[in-house]
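# Survey of secondary and tertiary structure
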Amino acid sequence: MSRGTRQAYGVAIAAAALLASAACSSPYESDSSSKAAAGDRTIRPVEGCGAKAWTDPKDLSPTRTPARCLPGAPSPRPLPQPRELTIATGTLSAEYVAPLQVALDKGEFKKEGLDVTLKVLPTPDALPLLAKGDIDALWAAPEAAVMNGIKGGFDIKWVAGNFSPAARSKSGLWVHLKEGETANHVTMAGRKLGTMIGKGSVIAYPMEKALEKHGGGLADIQYQQLGSADVLTALQNGGVDSAWLLDPVWRKVDGERGYAFLGGQPQGEPLGGMLYGPALLQDDVDAGVALLRAYIRTLNTYFASDYKQDATFVTYLAKLLKAEEPILKSTPSLTMDWEIRSGTTTRLQSAYETQGAAEGDPLPESRTTNRTLYEEAVGHQP
């Protein structure tokens, strides 16, 4: 570890210790608002989280600096009684799941009095469980299945973002070129696309823009739903002729003859993150805020900037994610971002409609998104 990294790490640990010492007693016992529903709670300033801990949701600039608190902030506010929580996720190995894995491994959830279990479940299987309260949260995205579920009566909301790609990232739509095709001229109509979600995934939104440049549209391609470990294999062995590849998987084909990158997720706009059901939106909002507080603290402490500049941390991440370290090192750091931009679910629903995956009229943002829990966690008063 370099001298500069050691100094930065020392500052982070010192700040974390200072902030933790300021929060050694629980605030919940005397707080009459602690059980209030999300959106109807008292917001207090949070030490270490100032003006930079919130950005205007209307700012869609790809160069927007994401919200940040000091390392170690927001400090833990342990619940009066320990709470067991289950978070479903489609995979445990993708880099965008790293903050949850690190929070679990470093004990950030336990500092809040939370005993968290990460459970691998596809989103379609997890949604009814989330709506019934059989699981507490879902690390996924506001996909078409989520929107359709809300229209059908599910009390589910998107409550925190996850990441947006770095400018140098090639996470996104990759195609196996046919004879005579180039990266600048690909006929996409009729192609078979491999994805983890299939039709109705959030990738429909950025993919629509990429397809427009290559003689295709969302309704003109076939969708093949595959497991996270199978998408790349299917692309390489001809099972599909295009695929949406995440970090760091795309490095396996980058530079290989016969493959081309057509476009990816917009910078500065997370398209997924944490989804809550009634258990954390209504029944136990304290636990819902505590979970986001631990997540946000993990970002501020370990993922605040270019975390791959720390070789020791990359080695740690590779082991934690069971990923190949050279591949992980070869991709730029994700821009971890807990906030949700204005209008994202509106743009997503428009793409789902074009794709034929939406049911009924589009939902207003008030039905799909709740920013109040992360705002409370960082002490921001709207």
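Computed from a predicted model, the values in this text were never measured in an experiment.

On to the pairing of strand β3 (residues 137-140), then. On β3, burial covers both faces: A137 and W139 on one face and L138 and A140 on the other are all buried. Both strand β1 (residues 83-89) and β3 contribute to a ladder of three bridges, which runs parallel. Of the residues in β3, the one forming a bridge with I87 is A137. The pairing of β3 with strand β11 (residues 273-276) spans four bridges and is antiparallel. Looking across to β11, one finds that A137 is bridged to Y276.

Below, the discussion takes up helix α4 (residues 123-132). Among all positions in α4, only T123, A126, L127, L130 and A131 are buried. Along the axis of α4, the buried residues cluster in a sector spanning 130°; they form a single face. Contacts from the buried residues of α4 go to β1, β3, α5 (144-151), β11 and α8 (278-283). Looking one or two residues past α4, G133 carries a phi angle of roughly 90°, positive in sign.

Spatially, five strands are ordered β8-β7-β9-β6-β10 in an open sheet, and the strand pairing comes out mixed. In the strand order of this sheet, the two ends are held by β8 (222-225) and β10 (259-264), each with one partner. Shown here is a sheet whose adjacent strand axes are inclined to one another by a mean of 25°, direction ignored. Pairing of strand β7 (residues 192-195) with strand β9 (residues 242-245) involves two bridges; the strand directions are parallel.

So, on to the state of the cysteines. Summed over all chains, the structure comprises one disulfide. Here C49 pairs with C69 through a disulfide, and the sulfurs are 2.1 Å apart. Since a negative S-S torsion denotes a left-handed disulfide, the C49-C69 link at about 110° is right-handed. In this pair, C49 is assigned in the loop between α1 (3-21) and β1 and C69 in the loop between α1 and β1, connecting sequence segments 20 residues apart. On the basis of relative accessible area, C49 is assigned to the buried category, the value being 10%. According to the relative accessible area criterion, C69 is buried, its value standing at 9%.

The strand order β2-β1-β3-β11-β4 describes an open sheet built from five strands, whose pairing is mixed. Looking at strand neighbours, the two that pair on one side only are β2 (114-120) and β4 (157-161), the edges of this open sheet. Ignoring strand direction, the axes of neighbouring strands in this sheet form an average angle of 30°. The sheet contact formed by β1 and β2 spans seven bridges and is parallel. Directly across from L85, in β2, lies its bridge partner V116.

Now for the layout of surface pockets. The calculated volume of the largest pocket comes to roughly 1100 Å³. What lines the largest pocket is a set of 49 residues, among which A94, Y96, M196, S228 and L246 lie closest to the centre. Within the residue set of the lining of the largest pocket, elements represented by two or more residues are α4, β3, α7 (231-237), β9 and α11 (325-329). Looking at the lining of the largest pocket, its residues break down into 29 nonpolar, 14 polar and six charged.

Attention now goes to helix α9 (residues 285-302). Helical periodicity: at 3.6 residues per turn, an α-helix aligns residues three or four positions apart in one direction. Over its 18 residues, α9 runs 26 Å from end to end, which matches the ideal 26 Å to within 8%, given 1.5 Å per residue. Taken across its 18 residues, α9 has 16 buried, putting it largely inside the fold.

For the pair helix α2 (residues 98-105) and helix α10 (residues 311-321), the least separation of the axes is 10 Å and the interaxial angle reads 95°. One finds that α2 runs roughly perpendicular with respect to α10. Where α2 approaches α10, its residues A98, Q101, V102 and D105 are matched on the opposing element by Y316, L317, L320 and L321. Here the residues of the contact of α2 with α10 are counted per class, giving six nonpolar, one polar and one charged.

Quick notes on the rules
- Residues numbered from 1 in each chain as written.
- Predicted model: local features only at pLDDT ≥ 70, side-chain atom pairs only at ≥ 80, totals over all residues.
- Heavy atoms only, no water.
- Buried < 20%, exposed > 50% of the residue type's maximum accessible area, 1.4 Å probe, protein only.
- Helix = DSSP H or I, 4+ residues; strand = E, 2+ residues; numbered from the N terminus.
- Pairing = 2+ DSSP bridges.
- Arc of directions from axis to C-beta.
- Contact = heavy atoms within 4.5 Å.
- Axes fitted to C-alpha atoms, helices over the stretch in contact; angles between N-to-C directions.
- Disulfide = S-S within 2.5 Å.
- 1 Å grid on protein atoms, 1.4 Å probe; cavity = no way out; pocket = protein on both sides within 12 Å on 5 of 7 lines; lining within 4 Å.
- Points joined across faces, edges and corners; volume = space filled by probe spheres on them.
- Nonpolar A, V, L, I, M, F, W, Y, C, P; charged D, E, K, R; others polar.
- Expected span 1.5 Å × (residues − 1).
- Parallel < 35°, antiparallel > 145°, perpendicular 65-115°, else oblique.

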